[in-house]
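Here are the chains, one letter per residue:
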Amino acid sequence: MMLLGPAWAQEHSVAVTSDVAITALEKTQLRRLFTGQDDAWSDGREVQLILPPMDSEAMAWLSSTILGLPPDLYHRYLLEKAYRAGRAPPRVVESMDQILEESQAVPAVLTVLPLPVGTGFHVVRIN
Amino acid sequence: MLWSLLALLTASSMASEGPWTTSRGLHNVYLGVMGERFRCFEAKGASNAACSSGIPLSAPVAKTGAKIFYRTGLGDRTDVAFSVPFVQSFATEPTTNPMLSSTTGIGLVEGRVRQRLGKIGDVGVAAATGVRTGAAHWDTRGRITNLGEGSTDLMAALYLGGTGPVVGRFHTTSMDVRYFYRLPLQQSDSLGRIPGDEVHLSSVSTFAVTPQLGLGLSADGFWRLWGEELDLSRLGQYGDDRWAALRASQLKLGGRAVVYPGERRPYLQLSVMRAVWAKNNPVDTTQVELAMGMDIGRRK
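Keep in mind the model is a prediction, meaning the values are calculated, not measured.

Which residues make up the overall build of chain B, and what values go with them?
Along chain B, the regular secondary structure elements total one helix and 16 strands. Across its three principal directions, the C-alpha atoms of chain B cover 60 × 35 × 30 Å. Relative to its full complement of 300 residues, chain B shows a buried share of 45%. Sequence separation of at least 24 residues holds for 64% of the intrachain contacts in chain B that already meet a minimum separation of 6.

Here it is in structure tokens:
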């Protein structure tokens with residue numbers, strides 16, 4: 001029974017836009033990117049975080065698989081970090097379709113998408 | 001009487017700011033109200049809340065006040081801040097001692113410029129230089145119920161801090177270390193500049209209990225690096241600067257509750273601190289502060 005897991009367990013993935021030349025990362029590296037502790041890709045470009053809706057299955061997957069932080073606390077953490085830094089918090093979209101739309105205009109995006117991730121993105125494997 | 005020659009030396013409350021500089025175009029405004037009370041001076045350097053070996057005043061002294069703190073960005077990594085407290089200090093029981101007369105006015109006015117330097121691992125680092133002055137309460141510096149010692153001091157500071165997830169929650173932790181070069185009020189043959197320079201340390205660590213509420217622990221201390229011990233025969237030579245001449249130190253520990261800001265809701269913070277150690281300074285200070293912060297302007 002333990003192998004079954006939640007329904008969304010295998011249906012989402014960390015994804016980046018095609019201009020990001022990364023195909024695999026350690027879970028700790030991904031956690032640091034999603035929490036803003038690391039904010040640049042290896043080529044020096046700023047990580048553009050676009051997050052799924054806080055009440056979405058994609059966010060639940062990110063929360064349990066990568067962050068170890070409930071979505072509402074994660075959202076508060078992002079606001080607190082932005083408040084401290086005097087910057088705007090990462091974009092949290094209202095629907096999954098918005099991630100696809102907004103990523104067309106922004107390079108170096110890191111996000112979470114349902115599988116398959118679709119055109120313009122590729123999956124980042126979790127080592 | 002001995003107590004009549006003792007000073008109100010409680011350091012002005014200054015919560016740790018951390019290394020997070022405010023960006024250009026953004027204005028942070030904090031309004032705080034505070035109250036504190038003490039009755040016992042400790043001369044030897046001890047934890048002595050019962051005042052068993054300390055020197056009790058004939059009447060407890062209280063200080064209440066309000067403070068405005070303003071900070072704005074000069075660039076993406078540089079900000080400037082000012083704070084102005086308005087304070088009243090008074091005895092809480094009837095007394096005819098003029099040293100305990102009620103004093104009302106402007107406390108230590110502070111200003112500083114801060115530069116974010118970068119990160120060491122996950123710890124952000126910033127440095128600042130600034131000035132604080134007690135010129136506005138110079139005339140009443142000789143009272144026990146003074147608002148400060150009337151001196152003007154130059155400051156250099158280092159700010160450290162970080163925020164990150166920990167065990168299913170997140171923390172925000174910061175520490176400020178400030179050195180005050182105090183411009184001399186008097187010159188002592190044996191001690192040199194009076195008052196002595198000071199090191200201040202302020203630290204706070206807050207954990208998010210829920211998305212709306214954080215709870216934390218804080219520490220606030222200062223150490224004056226040289227000065228006289230509590231010896232009346234020697235302090236008398238300094239006149240109204242007798243309190244500034246003391247080699248005073250105090251360490252306070254406490255707790256804090258933070259209501260995190262929302263999109264349109266200000267930041268609220270309640271702090272309670274209690275002196276746990278002092279030398280030539282009040283050892284039973286209890287301090288309560290309620291502060292509200294808000295951002296005006298646009299984030300990048």
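From this point, things continue past the structure.
Please give an account of the overall build of chain A that cites residues and values.
Along its length, chain A carries four helices and seven strands. From first element to last, N terminus to C terminus, chain A shows the α and β order β-β-α-β-α-α-β-α-β-β-β. For chain A, whose C-alpha radius of gyration is 14 Å, the value lies close to the compact-globule estimate of 14 Å for 127 residues. For chain A, the spread of C-alpha atoms along the three principal axes comes to 45 × 30 × 25 Å. Taken over 127 residues, chain A has a buried fraction of 34%. The long-range share in chain A, meaning contacts at least 24 apart out of those at least 6 apart in sequence, stands at 71%.

Explain the interface of chain A and chain B to me, using residue names and the numbers behind them.
With 19 residues of chain A at the contact, the number on the chain B side is 21 residues. Ranked by the residues each element gives to the side of chain A that touches chain B, the list is headed by helix α3 (residues 71-85) of chain A, at eleven residues.

Please give an account of α3 of chain A that cites residues and values.
Its 15 residues give α3 of chain A an end-to-end C-alpha distance of 21 Å, which sits within 8% of 21 Å, the value for a rise of 1.5 Å per residue. For α3 of chain A, the full list of buried residues reads Pro71, Leu73, Tyr74, Arg76, Tyr77, Leu78, Glu80, Lys81, Tyr83 and Ala85 of chain A. In the core, the buried residues of α3 of chain A are packed alongside α2 (57-67) of chain A together with β7 (152-166), β8 (169-182) and β11 (198-208) of chain B. Just downstream of α3 of chain A lies Gly86 of chain A, where phi reads positive at about 65°.

Now, about the pairing of strand β5 (residues 109-120) of chain B: what can you tell me, with residues and values included?
Residue and element names in this part refer to chain B. Pairing of strand β3 (residues 78-91) with β5 involves six bridges; the strand directions are antiparallel. Following the sheet pairing, Val80 is matched in β5 by Val113. Here β5 hands over to strand β6 (residues 123-133) after two residues, with Gly121 in that stretch at a positive phi of 65°.

Lay out the packing of helix α1 (residues 27-34) of chain A against α2 of chain A in plain terms, naming residues and giving numbers.
All names here are of chain A. It is the contact of α1 with α2, at a shortest axis distance of 10 Å, that shows an interaxial angle of 130°. With respect to each other, α1 and α2 are oriented oblique. Residue-level inspection shows Lys27, Leu30, Arg31 and Phe34 of α1 in contact with α2, the latter providing Leu62, Ile66 and Leu67. Tallied by class, the residues present in the contact of α1 with α2 amount to five nonpolar, no polar and two charged.

Rules and cut-offs
- Residues numbered from 1 in each chain as written.
- Chains lettered and ligands numbered in written order.
- Predicted model: local features only at pLDDT ≥ 70, side-chain atom pairs only at ≥ 80, totals over all residues.
- Helix = DSSP H or I, 4+ residues; strand = E, 2+ residues; numbered from the N terminus.
- Buried ≥ 20, exposed ≤ 12 C-beta atoms within 10 Å, placed from the backbone.
- Contact = placed C-beta atoms within 7 Å.
- Rg over C-alpha atoms; globule rule 2.2 N^0.38 Å.
- Expected span 1.5 Å × (residues − 1).
- Pairing = 2+ DSSP bridges.
- Axes fitted to C-alpha atoms, helices over the stretch in contact; angles between N-to-C directions.
- Parallel < 35°, antiparallel > 145°, perpendicular 65-115°, else oblique.
- Nonpolar A, V, L, I, M, F, W, Y, C, P; charged D, E, K, R; others polar.

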